[in-house]
Amino acid sequence: MFKFIHAADVHLDSPLHGLERYEGAPVEEIRSATRGAFDNLIELAIDEDVAFVLLAGDLYDGDWKDYNTGLYFTERMGRLHNAGIRVFIVAGNHDAASQITRHLRLPDNVTIFSTRKPEQHILDDLNVVIYGQGFAKREVKDDLSLDYPQGDPEFFNIGLLHTCLDGKPGHESYAPCTVDGLRSKGYQYWALGHVHNRELVSEEPWIVFPGNIQGRHIRETGSKGCTLVSVENGEVIEVEHRELDVMRWSRCEIDVTDKESVDDIYEQVRNSLQLALDAAEGRPIAARLILTGICSAHTKLHSEREHWIQEYRNLSNNLDGAGVWLEKVVIKPRQPISADELLAQDDALGGLLDAIRTMELDESTLADLAEEVSSLRQKLPPEILSGEDNYDPADPDRLKDTLEDIKELLLNRLLSTEQGS
Amino acid sequence: MKIKSLDFTAFGPFTDKLLNFSSSGQEEGGLHIIYGSNEAGKSSALRGLKALLYGIDARSPDNFVHDHKKLRIKGCLKTNNGKELEFVRRKGNKNTLLDPEGELLDEQVLTPYLQGVTADFFNSLFGIDHQALLKGGKEILKQKGEVGQALFSAGLGSSSLHSVLKQFDDEAEALFLPRGSKQTINSALKSYAELKREITSHSLSSKEWHEQQSALVKTTGELEQIQLQLAANRSEINRLQRFQRVLPKLARRRELLEELKTLADVVILSDDFSRRHQQAVNGLETAQTVIGKTSPRFKTLQEQLDSLSVRQEVLEQAENIEDLHTRLGSYRKALQDRPNLQAEWQQRQTDISSLLKDIRPDLELEDLEKLRPIISKRQSIIELGNKNTLLVSQADQVENNHRETEVQLKNLLKERSSISESGSSQALQRSIISARRLGDIDTAIQSQQSELTALQALCDAELSRLTLWEGKLDELPGLAIPNRESITRVEKSYDDLDKRFELLGEKQEAAVDSLYDTSQRLDKFQRMGDVPTEKELLELRSNRDDVWKLLRRQWLGGEDISEEAGRITTEVVLPDAFEQRVVDADELSDRLRREADRVHELASLQAKEQSTQQQADDISRMFESYKAEKKQLDTQWQSLWSSCKIFPQSPREMRVWLEHLATLRQRVEQLNGLRQEISELERNRKTHIESLNHALEQLGKECSNSKVLESVLSECESTVQLMDRAKQKQDLLDKDIKKLKMNFDSLSDESKKAKQELEAWDLQWQALIESLELQEKISPSEMSDIIEKTRDLFVKQNEAEKLQIRIQAIDNDAESFRILVTDMVSSLLPELSDLSAADAVIRLNSLLNDNRSKQTQCQQIKEQLELAGSEIQDSRAVIQTMTDRLDSLCSEAKCERHADLEESERKSADYLKIKMSLDTVEQEILETGEGASIARLEMEAEGIDPDSLPVKIAALKNKNNDELEPKRTNLAEAKGRKEKELELMDGSDAAAALADQAQAILTGIRANADNYVRAKLAGRVLRSEIERYRKENQGPLIKRASEHFSALTLGSFTELMTDFNEADEPVLTGIRADGDHVYVEGMSAGTRDQLYLALRLASLEKYMESNEPMPFIVDDILVDFDDHRSEAALNALAVLSEKTQIILFTHHSKCVEQAKKLQSKAHLEIHEL
């Protein structure tokens, strides 16, 4: 019997996204999260005395240039070397773009598969063959698996591949292939990478995406880690998910319907955050707080938005646990009576709402509005205007969304001023 | 929408407070003034009104009477098209809307009434209060009269539009300015750029690392080379230095080897040879010396011993002599003490006789023993004497007490006789307790009476409000009013009748409509031309036939028909007439055929008219019967009430009336009950007062004339208290007198007893004196003096006896000592027999000492002689042993004489010394040679020139120090630096951490940019909307506002219009009667408030032109208006109230007064809280 670890999408040293710093945020606890998770991987490999570790691509982040990352990796591979653990790596789309890999000298327990054609490595002591091919360039649109050799029935065959499989939403469509295609190769285990969510695609044979080892933004919530596989007599006998992440992303959606006061909501927020924190089992969390539902405290929440964000931050700083970083507070509740009814009325307010609706539909007005914020747009760094979480204030779709917010904002500000006794 | 009624079932200070906005049967519209003084709950009412529509606030302060859970507001709303909704609002999170029966209502049922107006919007557009008015006025000033903003503000009912706009601008500017640096986004952008630079500086490129790595390898190689070279040189220097050290030693070794060769035949003696030799020589010499010294001493000692002689018989008496010598001291001392003792004895004798004389002059010294009884009875005499003192003082004490008690007793008796007896207060106390049991009956009566008065007033007021019935309150309970069932029955009958009436009305209307329609159509039909009818044809034909008959009679019968013909036709002759008739009939017949359709239609129309008419008639009849029934019902209804002389209104109204009556009846019952209670209480009170007065009389006290129980009670209570106090004092005095009397008696007894005791004592004393044979009349104190002296006397006698014994003993001892001495002297020293005993003892003692010292000397000499003898013998033996040893040493050293031994010893020592030096040198050579053998060193040294060595060594050292060592140092340092640099490139996560930080900043920028865009665009959108609103509404709004403004300012301003300011923006301007333009900045604060109000009213009117009106809620806005302007404002509201319901809340009665005087046709209602 032997065990091996299958991990992917480590993205060493890639920064966490969407965490604005504020007083009391658990900055130090979350520092170098990807390294922390990778250290956990090394520890797990040694503790479990695995025979080898498979890394299915995207070890590095594409545009990250610091060679220190490579040196760190080399050092950790050295530890596995000392423990007699072999490592097999295929390059992913990010690794192909990475400059770190070029000159890195790795210890001889590490095998990196060729990017030109599929290679195979035979581990005689375990009766195992591992097949693999890395990405030669960032964009590989061909089905790499086609050229993988047929599995040898005398051996336990493992295919190591970085692929989007048959296309996964939110992931670029690289090295696409099909489950049937993979099945036809006669392997016992396909160790895939690229998709950041863990997925057991098939059990006959095993086709597994282990997901990434550390969530890096709010779209990567929940437990993250690797897959620990046990093999006996040429058959997989156990496939377990092992948590490696050092901090966790969590979406706390709270329905505030029928909450009478902001204080009630505050308590509900506390409970929800504490639950998320408890679920992270001693890890710090980065949480997005989303308040939904219809509620009479709506106006107060909206008009004192900044104040409440600050209150919730203070609240999260004082919870029991390893710390909460409040990533964002989204206040979604709408007024109990829809603005549409106001819209129907022929008066100043109805006119205002109507005007906003007209703007949303009128390209030239949108262009005018875009012009209004162009001076800001010019100053914004390209990292904001493009990339994964791009934000372009002049983008017409974003402007339409913004107008929706503005409608809410105007209603609140114009009507919430104190009137009457 | 209008509010029909508002019923604060349980809210704020109210319980079932109903505000009926349609009570007077009028439409609900109009101006409703809700008046309440301070604390009446005006604010609660205002909150309640809004709460009815939009829910009770979670933190409503209106729970001070009714618990939050119990808060209820009931209301009835009505839309313009007559739709009504009656519902109840309770407090809660959800399901707060109920129907009057308490069933849940969906909040959606309010939608047709609220028309999408949210709570906020209702507050702002349909509510105005004093604060908002002031704020609105100020806002106009802030906007500088900018028309768009002013109109838009008023259109929204907002009083802070300008601030909202400014807030957007401020927010945007605080976040970002294109050329700014301190704004949140600007500074974040800067930090981000800096961080990016920092990341680059902390990042390590792979090239850099590899360059560093290979440079380190190169430097390490070079360093190793230099270190090898240095090591080689150092070992050469070492080698040369070794030779420098070893060469002299090799030379010395050679010399030593030569010397050894010359001493080849020397006998090598053992290491201890010299010591053994010396020991033997020394031993020999010592023994010889001892013999030389000891022999003469031995001889001298022998001579001394022979010269000494000792007296043995003296030594034998040694013990006795020593004993005598010891006793000599005490013998001498006793002889010395004896005279003193004799003198002392004499003194004692004198003292005794003088004491005796004092005590009993009649006695001699020999009779002393007669005094013994005084000593033996001493204790009892003293005790008896002491007892006398005690008895005397006790008797005095008793006597004093006796006298004092007598005086006290006299005083108390006097005081007691002054207090008079009084009767018992028990009866009075019982009356008091029984009266007290009633409780505070006075207050109870008083409060009941005031309650009675209030209730009476309430009943009177309600009675006066109770319409339809004239009578007195006490007739009410007996009033025979119809029961509820009869009323319900009649009401149902009325309802049925009403329904029938309605139905009939509808039917009649339909019938009238139909009749009208039919007659219209008939009329129209007929106006289109005559329609031939069968009747006409029949008429024509019968006419024709009549003419024919006449004609025939004339023609065939020849009758004169002219008279008859004249009746039928006058104009023409009969045949023409007949002909005409025939033609007419034919024509009509033809037309009938030709116009059959019209004929038919006419017929059917007529038939319809007829049937409709019939129907209408039927309905009229039914109306008649309805009226009859109604009249009958009315009669029945009135007869139902006739017994109580009431002319009833409708059953529904009567039911309300009955409810009022029931309430009133209940109150009257309460009133009667209360009266009864009061009279009961008063009767009770009177009985008790009488009983109390009676008790007082019994005690002979004056009666109270108060009617109030409490004051009678307190009088009685104080009487009882006084009586009790006197009784208490009396009892106390009696008790004291009794006690004193007893005391006085016992003291008299005691005094008697003391006197008896004193007499007994005198007898006892007398007997004692006699028994001691002393003089009579000795007092106890004199007696104690005699006892003292007697004791002294016996002490002295005792001492004198002891002295006598001692003198006798001294004399005895001296005699026996003298006899012993005389014996000793006669045996040992007969020549000294005439010496005194003391001197003889001293001579004997010295003789003994002399003989003893001679004996000791003799013993010592004998011992010394023995010692000297054995010493001489020992020394002789030693001399023999030593001589043997020297002989054996000679044989060992191979020499013949003892004297040669020293020479042999010296030679052997020389040889050993050289040998040792050689060993040392060889050891040194081996050490210096650092492991090389001596032979090898000798061999290597052969070719070396010692003089060249220093030069060679210096050269090598110089090369190391000046050339190689600096190079090594530099290289080592360079290596260290490179290693350190590489160490720093250790896979640190510094750059990654900075990247995290950069991401954080980007996130912040993104969020703030979003905020900026929102604030910026919100301002922009709002501005353009304000402008659009102005363009669209400016004309009519300003025209309407102008009218209001003129009215509100009482014509101080004739007009409001738009003008342009210096910036060419449209602004509001007031126009004075004389044509002066006044900008808002130039208006007084009050005028600006009125301007704001004018704009608000105009905007409301505009709103109502196209939307369902909502009630306008006005909260005390007239506070700051002067009387005239206040009237003008009320007037403006009254005018507006013709279009929508206006509810004005006020604390000020003046406002109510002013409203009552309004010359407006608007409907006005005042509601009091």
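Residues numbered from 1 in each chain as written. Chains lettered and ligands numbered in written order. Predicted model: local features only at pLDDT ≥ 70, side-chain atom pairs only at ≥ 80, totals over all residues. Heavy atoms only, no water.

S.K.: Whenever I open this one, the overall build of chain A confuses me. Can you help?
M.R.: Assigned secondary structure in chain A consists of 14 helices and 15 strands. Buried positions account for 58% of the 421 residues belonging to chain A. Long-range contacts, defined here as pairs at least 24 residues apart, represent 71% of the contacts in chain A between residues at least 6 apart. (Helix = DSSP H or I, 4+ residues; strand = E, 2+ residues; numbered from the N terminus. Buried < 20%, exposed > 50% of the residue type's maximum accessible area, 1.4 Å probe, protein only. Contact = heavy atoms within 4.5 Å.)

S.K.: Please explain the overall build of chain B as it appears in this structure.
M.R.: For chain B, the helix and strand inventory stands at 31 helices and 13 strands. Here chain B holds 1169 residues, and 39% of them are scored as buried. Across chain B, the fraction of contacts at a sequence separation of at least 24, relative to all contacts at a separation of at least 6, is 74%. Carbon and sulfur atoms provide 49% of the accessible area of chain B, an area that totals close to 67,100 Å². (Areas by Shrake-Rupley, 256 points an atom, 1.4 Å probe, with all protein chains shown as cover.)

S.K.: Even after reading the chapter, I still don't get the side chain of R288 of chain A, so can you show me in this structure?
M.R.: Residue and element names in this part refer to chain A. Among the structural elements, R288 can be located in strand β14 (residues 285-292). Under the relative-accessibility criterion, R288 is labelled buried at 16%. What R288 contacts, discounting residues up to four positions off in sequence, is I218, S250, R251, C252, E327, K328 and V330.

S.K.: Sorry, what's going on with helix α6 (residues 262-279) of chain A here?
M.R.: The end-to-end C-alpha separation of α6 of chain A is 26 Å, in line with the 26 Å expected for 18 residues at 1.5 Å each. Following α6 of chain A by one or two positions, E281 of chain A has its phi on the positive side, about 50°. (Expected span 1.5 Å × (residues − 1).)

S.K.: How do you make sense of the pairing of strand β7 (residues 156-162) of chain A when you look at a structure like this?
M.R.: For a regular strand, side chains alternate in direction, first toward one face of the sheet and then toward the other. Residue and element names in this part refer to chain A. Among the 7 residues that make up β7, 7 are buried, leaving the element largely enclosed by the rest of the structure. Neither face of β7 is open: one carries F156, I158, L160 and H162, the other N157, G159 and L161, and all of them are buried. Relative to β7, strand β6 (residues 128-132) runs parallel, the two being bridged by 5 bridges. For Y131, the partnering residue across the bridge sits in β7 and is G159. (Pairing = 2+ DSSP bridges.)

S.K.: In this structure, what is going on with the packing of helix α16 (residues 484-527) of chain B against helix α21 (residues 651-698) of chain B? I would like to understand it.
M.R.: For any two helices packed against each other, one specifies the crossing angle of their axes together with the interaxial distance. Residue and element names in this part refer to chain B. It is at 9 Å that the axes of α16 and α21 come closest, and there the two elements cross at 155°. Here α16 is positioned roughly antiparallel relative to α21, judged by the angle of their axes. Where α16 approaches α21, its residues R484, I487, T488, V490, E491, Y494 and D495 are matched on the opposing element by P651, R652, R655 and L658. A breakdown of the residues in the contact of α16 with α21 according to their chemical character gives 5 nonpolar, 1 polar and 5 charged. (Axes fitted to C-alpha atoms, helices over the stretch in contact; angles between N-to-C directions. Parallel < 35°, antiparallel > 145°, perpendicular 65-115°, else oblique. Nonpolar A, V, L, I, M, F, W, Y, C, P; charged D, E, K, R; others polar.)

S.K.: Which parts of the structure should I look at to understand the packing of aromatic side chains?
M.R.: How two aromatic rings sit relative to each other is set out by the distance from centre to centre and by the angle between their planes. Tallying each qualifying case throughout the model produces 34 aromatic pairs over all chains. Each residue in the set F2, F4, F52, F88, F113, F156 and Y189 of chain A is aromatic and connected to the rest through ring pairs, giving one cluster. The ring centre of F794 of chain B lies 3.7 Å from the NZ or CZ of R372 of chain B, which sits over that ring. Against the face of F1053 of chain B rests R1072 of chain B, its NZ or CZ located 4.2 Å from the ring centre. (Phe/Tyr/Trp six-rings, centres within 6.5 Å; stacked < 30°, edge-to-face > 60°. Lys NZ or Arg CZ within 6 Å of the ring centre and 35° of its normal.)

S.K.: For this particular structure, what's the right way to read the interface of chain A and chain B?
M.R.: Where interface size is quoted, it is often the accessible area lost as the parts come together. In this complex, chain A contributes 70 residues to the contact, which on the side of chain B involves 91 residues. Where chain A abuts chain B, roughly 7,100 Å² becomes buried across the two surfaces, and 58% of that area is made up of carbon and sulfur atoms. Inspection of the chain A/chain B interface yields 6 salt bridges. Of the charged contacts in the structure, one is a salt bridge between E383 of chain A and K196 of chain B, with a shortest N-O distance of 2.7 Å. Of all the secondary-structure elements, those providing two or more residues to the side of chain A that touches chain B are α3 (67-82), α8 (305-317), α9 (339-343), α10 (348-361), α11 (363-372), α12 (374-379), α13 (382-385) and α14 (396-415) of chain A. Looking at the side of chain A that touches chain B, the element that brings in the most residues is α14 of chain A, giving 10 residues. In terms of residue class, the side of chain A that touches chain B is made up of 30 nonpolar, 16 polar and 24 charged. (Buried area = accessible area lost by both parts, 1.4 Å probe. Salt bridge = Lys/Arg side-chain N within 4 Å of Asp/Glu carboxyl O.)

S.K.: Looking at this structure, how should I read the sheet that holds strand β11 (residues 1112-1115) of chain B?
M.R.: As a general point, the strands of a sheet are linked pairwise by backbone hydrogen bonds and lie either parallel or antiparallel. Residues and elements named next belong to chain B. Ordered by their spatial adjacency, 5 strands build an open sheet running β7-β11-β12-β3-β13, and the pairing between neighbours is parallel. Each of the sheet's edge strands pairs with one partner strand only, and the pair in question is β7 (127-129) and β13 (1164-1168). Averaged over all pairs of adjacent strands, the angle between strand axes in this sheet comes to 15°, irrespective of strand direction. As paired elements, strand β3 (residues 31-35) and strand β12 (residues 1142-1146) share 5 bridges and run parallel to each other. Its bridge partner lying in β12, H32 is registered against I1143. Packing of helix α1 (residues 42-54) onto the sheet brings it into contact with β11 and β12, and relative to β12 it is tilted by some 155°. Docked against the sheet, helix α30 (residues 1123-1136) engages β3, β11 and β12, running at close to 150° with respect to β12.

S.K.: Help me out: how do you make sense of the sheet that holds strand β5 (residues 119-123) of chain A in this one?
M.R.: All names here are of chain A. Pairing is mixed across the open sheet formed by 6 strands, whose spatial order is β5-β6-β7-β8-β10-β9. Strands at the two margins of the open sheet, each flanked by one partner only, are β5 and β9 (199-203). When strand polarity is set aside, the average angle formed by the axes of neighbouring strands in this sheet is 15°. Here 3 bridges tie strand β8 (residues 189-193) to strand β10 (residues 206-209), and the two strands are oriented parallel to one another. From the neighbouring strand, A191 faces β10, where its bridge partner is V208.

S.K.: Would you mind showing me how to read the nonpolar core here?
M.R.: In a soluble, globular protein the nonpolar side chains are often hidden away together inside. Grouped together as the largest cluster of nonpolar side chains are 177 residues, with contacts concentrated most on F38, L55, F73 and L410 of chain A together with F152 and L1022 of chain B. Considering every element that reaches this core, the biggest residue donor is helix α28 (residues 990-1048) of chain B, with 23 residues. Residue-level mapping places this core at the junction of two domains, with at least three residues from each of domain 1 (2-243) and domain 2 (248-420) of chain A. Residues within four places of F73 of chain A in sequence aside, it is in contact with L12, F38, L55, L59, Y60, I89, L104 and L106 of chain A. Core analysis: the next-biggest nonpolar cluster, separate from the first, contains 48 residues, I619, W641, L681 and L709 of chain B among them. (Core = buried A, V, L, I, M, F, W, Y, C linked by side-chain atoms within 4.5 Å. Domains from an automatic or database assignment.)

S.K.: Please explain unusual backbone geometry as it appears in this structure.
M.R.: Residues and elements named next belong to chain A. A cis geometry characterises the amide bond from E204 onward to P205, with omega recorded as -5°. With respect to the helices, strands and loops of the structure, P205 is situated in the loop between β9 and β10. Of note, the phi angle at D9 is positive, near 55°, even though the residue is not glycine. With respect to the helices, strands and loops of the structure, D9 is situated in the loop between β1 (2-7) and α1 (27-30). Of note in the backbone geometry, D13 takes a positive phi value of approximately 65° without being a glycine. With respect to the helices, strands and loops of the structure, D13 is situated in the loop between β1 and α1. Relative accessible area serves as the criterion here: at 3%, D13 is assigned to the buried category.

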